[in-house]
Amino acid sequence: MNQPRSKAELFGAMGLGPVWELKNTTTTPAQAAVNQAPSLSELRQTVSVCRACSLCESRTQTVFSDGVEHAPLMVVGEAPGADEDAKGLPFVGRAGALLDKMLHAVGVSRQENVYIANVLKCRPPANRNPEAAEIRQCSPYLFQQIAANQPKILLLVGRFAIQTLLNTDKPVGELRGKLHHVTVDGFNIPAVVTYHPAYLLRKPVEKAKAWEDLLLLKTAYSGMPTGRSSPIRASTS
Ligand code: URA
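One structure accompanies this document, and this report is about it. Being a predicted model, the structure only gives us computed values, none of them experimental.

So, how was this worked out
Residues numbered from 1 in each chain as written. Predicted model: local features only at pLDDT ≥ 70, side-chain atom pairs only at ≥ 80, totals over all residues. Heavy atoms only, no water. Helix = DSSP H or I, 4+ residues; strand = E, 2+ residues; numbered from the N terminus. Buried < 20%, exposed > 50% of the residue type's maximum accessible area, 1.4 Å probe, protein only. Areas by Shrake-Rupley, 256 points an atom, 1.4 Å probe, with all protein chains shown as cover. Expected span 1.5 Å × (residues − 1). Arc of directions from axis to C-beta. Near = heavy atom within 4 Å. Polar contact = N/O pair within 3.5 Å; in protein donor to acceptor, adjacent residues only side chain to side chain. Bend = angle between axes of the 7 residues up to and from the residue. Pairing = 2+ DSSP bridges. Salt bridge = Lys/Arg side-chain N within 4 Å of Asp/Glu carboxyl O. Core = buried A, V, L, I, M, F, W, Y, C linked by side-chain atoms within 4.5 Å. Contact = heavy atoms within 4.5 Å.

Concerning the overall build of the chain
Phase 1: Each helix and strand in the chain was counted, giving 11 helices and 6 strands.
Phase 2: Across the 237 residues that make up the chain, the buried fraction comes to 45%.
Phase 3: For the chain, the computed accessible surface area is about 13000 Å², with 53% contributed by carbon and sulfur atoms.

Pasting the structure below:
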């Protein structure tokens, strides 16, 4: 005699049915955040036509990101410069070349395992510093980018990325050397802070400290679970 195999077959053989399967309806906070957030391609499209501040008048194009979407590491810089504005990609000038070298030294490359974005998506004229109002207008895109990417760790380069994401006025020198956390949608993402590569080009003596920061990044990252799609660590503090 054939044995009934599935639960439905077994219940059928006993004259019981239909069989209702319990659906997994539990939505974790991380999933809920992702469900609400626009996708990266939707965000890129929104940013490309943004006219929320006057930087849209002088830009050649918006600069959204480079690298691998959903990579475990996300680097956040300040704003596009002339090269980035021309090419539509972040960190492609001299500072970008140094950033690539620094990342390469700890086994990170744009082709493999890092996603790169800036606080501002448009170039400030003559490479002036971002203004507070511009950061206020533009930073929600960055937070949404982080939520959509779900990185395991962030590297914040330079004071504008640090001040925006850690909500602090403290200088880089005071903040570097320890692990911070950036809160996005109620989740804490570990973050290492370091000097901006443009500053390191002007002050090469500080490169030793940046190297220490990269080692901290490497140590912190290697201590985390692997696998691209695991959710942002839940907040515990
Ligand atoms: N500096 C930044 O902060 N970002 C870039 O994309 C280029 C230079």
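A short note on helix H11 (residues 207–222)
Phase 1: With 16 residues, H11 should cover 22 Å at 1.5 Å per step; its first-to-last C-alpha distance of 22 Å lies within 8% of that length.
Phase 2: Considered for burial, the residues of H11 that qualify are Ala-210, Asp-213, Leu-214, Leu-217 and Ala-220. All buried residues of H11 fall inside an arc of 125° around its axis, so they share one side. Along H11, the residues that are exposed and aim more than 90 degrees away from the buried face are Ala-208, Thr-219 and Ser-222.

What to know about the site of the ligand
Phase 1: Around the ligand, the neighbouring residues are Gly-77, Glu-78, Ala-79, Glu-84, Pro-90, Phe-91, Asn-118 and His-196.
Phase 2: Within the backbone of Ala-79, one N or O atom sits 3.1 Å away from a nitrogen atom of the ligand.
Phase 3: One of the side-chain N or O atoms of Asn-118 is found 2.8 Å from a nitrogen atom in the ligand.
Phase 4: Within the complex, the protein chains bury 92% of what would otherwise be the 230 Å² of accessible surface of the ligand.

Re helix H7 (residues 132–149)
Side chains three or four residues apart in an α-helix point the same way, a direct result of the helix having 3.6 residues per turn.
Phase 1: For H7, spanning 18 residues, the distance from its first C-alpha to its last is 25 Å, which sits close to the expected 26 Å at 1.5 Å a residue.
Phase 2: The largest bend along H7 reaches roughly 40° and is located at Cys-138, with the proline Pro-140 sitting one to four residues downstream.
Phase 3: Taken together, the buried positions of H7 are Glu-134, Ile-135, Cys-138, Ser-139, Tyr-141, Leu-142, Gln-145, Ile-146, Ala-147, Ala-148 and Asn-149.
Phase 4: At the exit of H7 stands Gln-150, carrying a positive phi of roughly 55°.

A word on the sheet that holds strand S6 (residues 187–194)
Phase 1: Taking strand neighbours across the sheet as the criterion, the 6 strands line up as S1-S3-S2-S4-S6-S5 in an open arrangement whose pairing is mixed. Two strands close off the open sheet at either side, each with one partner strand: strand S1 (66–67) and strand S5 (180–184).
Phase 2: Here strand S4 (residues 153–157) runs beside S6; their pairing, made up of 4 bridges, is parallel. Of the residues in S6, the one forming a bridge with Leu-154 is Ala-191.

With respect to the pattern of salt bridges
Phase 1: The tally for this structure, following the rule as stated, stands at 8 salt bridges.
Phase 2: Here Glu-134 ties to Arg-128 by a salt bridge, and the two come within 2.6 Å at their closest N and O atoms.
Phase 3: The class for Glu-134 is buried, based on a relative accessible area of 3%.
Phase 4: Arg-128 gets classed as partly exposed once you look at its relative accessible area, which sits at 28%.
Phase 5: Its salt-bridge partner being Arg-176, residue Asp-213 comes within 3.1 Å of it at the nearest N-O pair. Here Arg-176 lies in the loop between helix H9 (172–175) and S5 and Asp-213 lies in helix H11, a separation of 37 residues in the sequence. Side by side, Asp-213 and Arg-176 carry an identical accessibility label, which is buried.
Phase 6: Residues joined by salt bridges that share partners form a network here, namely Asp-66, Asp-100 and Arg-110.

Examining the nonpolar core
Phase 1: Core analysis: the biggest nonpolar cluster contains 59 residues, and Leu-73, Val-75, Val-76, Leu-154, Leu-155 and Leu-156 have the highest contact counts within it.
Phase 2: Apart from residues lying up to four places away in sequence, Leu-155 is in contact with Leu-73, Met-74, Val-75, Val-76, Leu-103, Val-192, Thr-194, Leu-214 and Leu-217.

Observations regarding the pairing of strand S3 (residues 114–118)
Phase 1: Counting buried residues along S3, 5 of its 5 residues qualify, which places the element largely inside the surrounding structure.
Phase 2: Taking every second residue as pointing to the same face, both faces of S3 are buried, with Val-114, Ile-116 and Asn-118 on one and Tyr-115 and Ala-117 on the other.
Phase 3: Bridge count between S1 and S3: 2 bridges; the pairing is antiparallel. Looking at the pairing, Gly-67 lines up with Tyr-115 of S3.
Phase 4: Alignment of strand S2 (residues 73–77) against S3, held across 5 bridges, turns out to be parallel. Looking across to S3, one finds that Leu-73 is bridged to Val-114.

Examining unusual backbone geometry
Phase 1: In the Ramachandran plot, Asn-127 falls in the positive-phi region, its phi being about 55° despite a non-glycine side chain.
Phase 2: You can see Asn-127 is positioned in the loop between S3 and H7.
Phase 3: At Asn-167, a position not held by glycine, the phi torsion is positive, near 55°.
Phase 4: Residue placement: Asn-167 occurs in the loop between helix H8 (159–166) and H9.

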